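Listed below are the residues making up each chain.
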Amino acid sequence: MTASILIAEDDDDIRSLLRLYLEGEGYRVLEASDGAAALRLAREESPDMAVLDVMMPEMDGIETLKRLRKMQNESGHEYIIVAFTANAVSGAKKMFMEEGFDEFVSKPIETMTLERVLCKVLPKSSITYVSEEKEAVKADERKTNFDRNAGLQYCRG
């Protein structure tokens with residue numbers, strides 16, 4: 001089973017980087033540039049997980065979270081919801097968790113942190129572990145213009 005992940009992020013570059021990384025890891029990715037679009041996609045697609053930028057214009061990530069939780073109560077479909085923010089000040093994680101997020105990932109994206117969060121919150125059946133040998137073959141098979149090394153440098157590893 002491949003998990004589907006909804007990314008709600010208003011910055012096109014960050015959303016693209018996150019999408020490319022997640023797709024490269026085998027996840028099905030849905031993209032929204034704002035909270036309203038994220039809610040529409042959640043209703044239509046019922047993703048396993050949502051990664052919400054906390055500081056989106058018009059409807060921020062916290063309001064989107066509240067509406068997703070309301071949808072969850074009405075539909076019975078459970079959403080794993082992760083806060084995604086540049087606000088990494090002391091106590092931010094605790095604040096977001098108290099708001100109702102399941103987990104927290106700070107910007108810039110650190111792939112090790114993101115992988116840890118995915119392994120923690122997603123069902124084990126949706127995570128596939130591959131050997132380095134298979135990963136090298138998988139990387140060769142990807143047909144994308146994404147320069148992984150440049151992306152990792154941009155995101156500070």
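If you're wondering where the values come from, they're calculated on a predicted model, not measured in any experiment.

A. Looking closely at the side chain of Lys107. As for its placement among the helices and strands, Lys107 is situated in the loop between strand S5 (103-106) and helix H5 (111-121). Of the polar contacts made by the side chain of Lys107, one reaches the side chain of Asp53; its length is 3.2 Å. Not counting chain neighbours up to four residues away, the residues in contact with Lys107 comprise Glu9, Ile14, Asp53, Phe84, Thr85 and Ala86.

B. Up close: the environment of Val121. Locating Val121 in the fold gives a position in helix H5. Look at Val121 and you get buried, because its relative accessible area is 18%. In this structure, the C-alpha to C-alpha distance between Val121 and Val82, residues 39 residues apart in sequence, is 9.1 Å.

C. View of the pattern of salt bridges. Per the stated rule, a full pass over the model turns up twelve salt bridges. One salt bridge in this structure joins Lys107 and Glu9, with 2.9 Å as the shortest N-O distance. Of this pair, Lys107 sits in the loop between S5 and H5 while Glu9 is found in the loop between strand S1 (4-8) and helix H1 (12-24), placing the two residues 98 residues apart along the sequence. Grouping residues by exposure puts Lys107 and Glu9 together as buried. Connected through salt bridges with shared partners, the residues Asp12, Arg15, Arg19, Glu23 and Glu31 form a single ionic network.

D. Summary view of the nonpolar core. Residues Leu6, Ala32, Leu52, Leu68, Ile81, Phe96 and Phe101 are the most contacted members of the largest nonpolar core, which totals 25 residues. At the level of secondary structure, the elements contributing two or more residues to this core comprise S1, strand S2 (28-32), helix H2 (35-45), strand S3 (49-53), helix H3 (61-75), strand S4 (80-85) and helix H4 (92-99). In terms of residue count, H2 provides more of this core than any other element does, five residues in total. Every residue in contact with Ala32, bar those within four places of it in the chain, is listed here: Leu6, Ile7, Ala8, Glu9, Arg15, Ala37, Ala38 and Leu41. Residues Leu18, Tyr27, Met49 and Val51 belong to the second largest nonpolar core, which totals 21 residues.

E. Highlighting the sheet that holds S3. The sheet built from five strands is open, its strands ordered S2-S1-S3-S4-S5 with parallel pairing. Since the sheet does not close on itself, it has two edges, and those belong to S2 and S5, each with one partner. Averaged over neighbouring strand pairs, the angle between their axes works out to 20 degrees when direction is ignored. Pairing between S3 and S4: five bridges, direction parallel. Within S4, the residue paired with Leu52 across the bridge is Ala83. Sheet contacts for H3: S3 and S4; angle to S3, the most-contacted strand, approximately 155 degrees.

Basis of the calculations
- Residues numbered from 1 in each chain as written.
- Predicted model: local features only at pLDDT ≥ 70, side-chain atom pairs only at ≥ 80, totals over all residues.
- Heavy atoms only, no water.
- Helix = DSSP H or I, 4+ residues; strand = E, 2+ residues; numbered from the N terminus.
- Polar contact = N/O pair within 3.5 Å; in protein donor to acceptor, adjacent residues only side chain to side chain.
- Contact = heavy atoms within 4.5 Å.
- Buried < 20%, exposed > 50% of the residue type's maximum accessible area, 1.4 Å probe, protein only.
- Salt bridge = Lys/Arg side-chain N within 4 Å of Asp/Glu carboxyl O.
- Core = buried A, V, L, I, M, F, W, Y, C linked by side-chain atoms within 4.5 Å.
- Pairing = 2+ DSSP bridges.
- Axes fitted to C-alpha atoms, helices over the stretch in contact; angles between N-to-C directions.

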